[in-house]
Amino acid sequence: MPANLKEDLKNLPRHIAIIMDGNGRWAKERGLPRTEGHRRGADTVRAITEECGALGVEYLTLYAFSAENWKRPKREVDALMKLLEQFLRTRTPEMMEQNVRLQAIGRLHDLPQTCQQQLHRSIEQTSQNTGLTLILALSYGGREEIVDGVKSLLESIERGHLDKGMIDTEVFSKHLYTRYYPDPDLLIRTSGEMRLSNFLLWQLSYTEFYITQTLWPDFGKEELHQAIRAYSQRHRRFGTVA
Ligand code: FPP
């Protein structure tokens, strides 16, 4: 590990979230089908997961398939679902070796049956691992999550488990998909776009952003280190004075 990185690791983000963008452009630049970009993107998922685990990051949330991604051509959606299922099937033994615990957030019931089954198998199999928690956001939308959270809150009130007067930001957080995880400390977005694209709208309120022009299939360990270094030099105030 480079010496200056070791220094930055004193201020390691506990939770990194990533908007993995640019697979399509990566493929287009090479005259390849978009699906080849996604395939290479899955290789990057593997490498970055391994490195986050090795560095001691506790949570890594990856935006793997958004609620809006269903509107892409059927061919691309089918290829992404197949790739996800294959990734889970072939990479679960590696997650076991690396002590990675897999979790997922989003409207998971929207996924094809075989994909859901494999996902639940992988989650179950890795559930006792104590290293990095890898959270895949699948059929995920931040607005949808907030709407689902409101419905869950109303159900708790109807069942008499909660009083309206008790609702505050902390109580509401417990009704989101992410209730078991701390908010991300660092958000990385590849391929240069300056937007949130409906990702973790509630949870990113005080998160530090690192945006890079690098396309996701080209994002490597060195740039992950660079993002962590940039984060470690920020001064987080959480809305208070310095
Ligand atoms: C954005 O690139 C990426 C996605 C919509 C999907 C992300 C999927 C992967 C990284 C691979 C599969 C994931 C796992 C977990 C195995 P884009 O297609 O929007 O790129 P573009 O903006 O350049 O067109």
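Below you will find a few notes about this structure.

Parameters at a glance
- Residues numbered from 1 in each chain as written.
- Predicted model: local features only at pLDDT ≥ 70, side-chain atom pairs only at ≥ 80, totals over all residues.
- Heavy atoms only, no water.
- Axes fitted to C-alpha atoms, helices over the stretch in contact; angles between N-to-C directions.
- Helix = DSSP H or I, 4+ residues; strand = E, 2+ residues; numbered from the N terminus.
- Parallel < 35°, antiparallel > 145°, perpendicular 65-115°, else oblique.
- Left-handed = near helix turned anticlockwise from the far one by under 90°.
- Contact = heavy atoms within 4.5 Å.
- Nonpolar A, V, L, I, M, F, W, Y, C, P; charged D, E, K, R; others polar.
- Salt bridge = Lys/Arg side-chain N within 4 Å of Asp/Glu carboxyl O.
- Buried < 20%, exposed > 50% of the residue type's maximum accessible area, 1.4 Å probe, protein only.
- Expected span 1.5 Å × (residues − 1).
- Bend = angle between axes of the 7 residues up to and from the residue.

It is worth spelling out the packing of helix H4 (residues 74–97) against helix H5 (residues 113–125) at this point. It is the contact of H4 with H5, at a shortest axis distance of 9 Å, that shows an interaxial angle of 15 degrees. As summarised for this structure, H4 and H5 are arranged roughly parallel, according to the angle between their axes. In this structure, the crossing between H4 and H5 has a hand that is left-handed. Within the contact between the two elements, H4 uses Met-81, Leu-84, Glu-85, Leu-88, Arg-89, Thr-92 and Met-96 and H5 uses Thr-114, Cys-115, Gln-118, Leu-119, Ser-122 and Gln-125. Counted by class, the contact of H4 with H5 contains six nonpolar, five polar and two charged residues.

Counted under the stated rule, the structure contains 16 salt bridges. A salt bridge links Lys-74 to Asp-78; the nearest nitrogen and oxygen atoms lie 2.6 Å apart. In this pair, Lys-74 and Asp-78 are both assigned in helix H4, four residues apart and thus about one turn of the helix distant. In this structure Lys-74 comes out as exposed when scored by relative accessible area, which is 62%. By relative accessible area, which is 37% here, Asp-78 ends up partly exposed. Between Arg-107 and Asp-148 there is a salt bridge, and its shortest N-O distance comes to 3.0 Å. Taken as a pair, Arg-107 in the loop between strand S3 (101–105) and H5 and Asp-148 in helix H6 (residues 142–158) lie far apart in primary sequence, 41 residues in all. Several salt bridges converge on common partners, so that one network encompasses Asp-21, Arg-25, Arg-189 and Glu-193.

Moving on to H4. Between the first and last C-alpha of H4 there are 35 Å, a value that for 24 residues agrees with the 34 Å anticipated at 1.5 Å per step. Where H4 bends most, at Arg-91, the angle is about 45 degrees, and the proline Pro-93 comes one to four residues later. Inspection of H4 places Glu-76, Val-77, Leu-80, Met-81, Leu-83, Leu-84, Phe-87, Leu-88, Thr-92, Glu-94 and Met-95 among the buried residues, and these make up the whole buried set. The inward-facing, buried residues of H4 abut helix H3 (34–55), strand S2 (59–66), S3, H5 and strand S4 (133–140). Positive phi appears at Asn-99, one or two residues downstream of H4, with a value of about 65 degrees.

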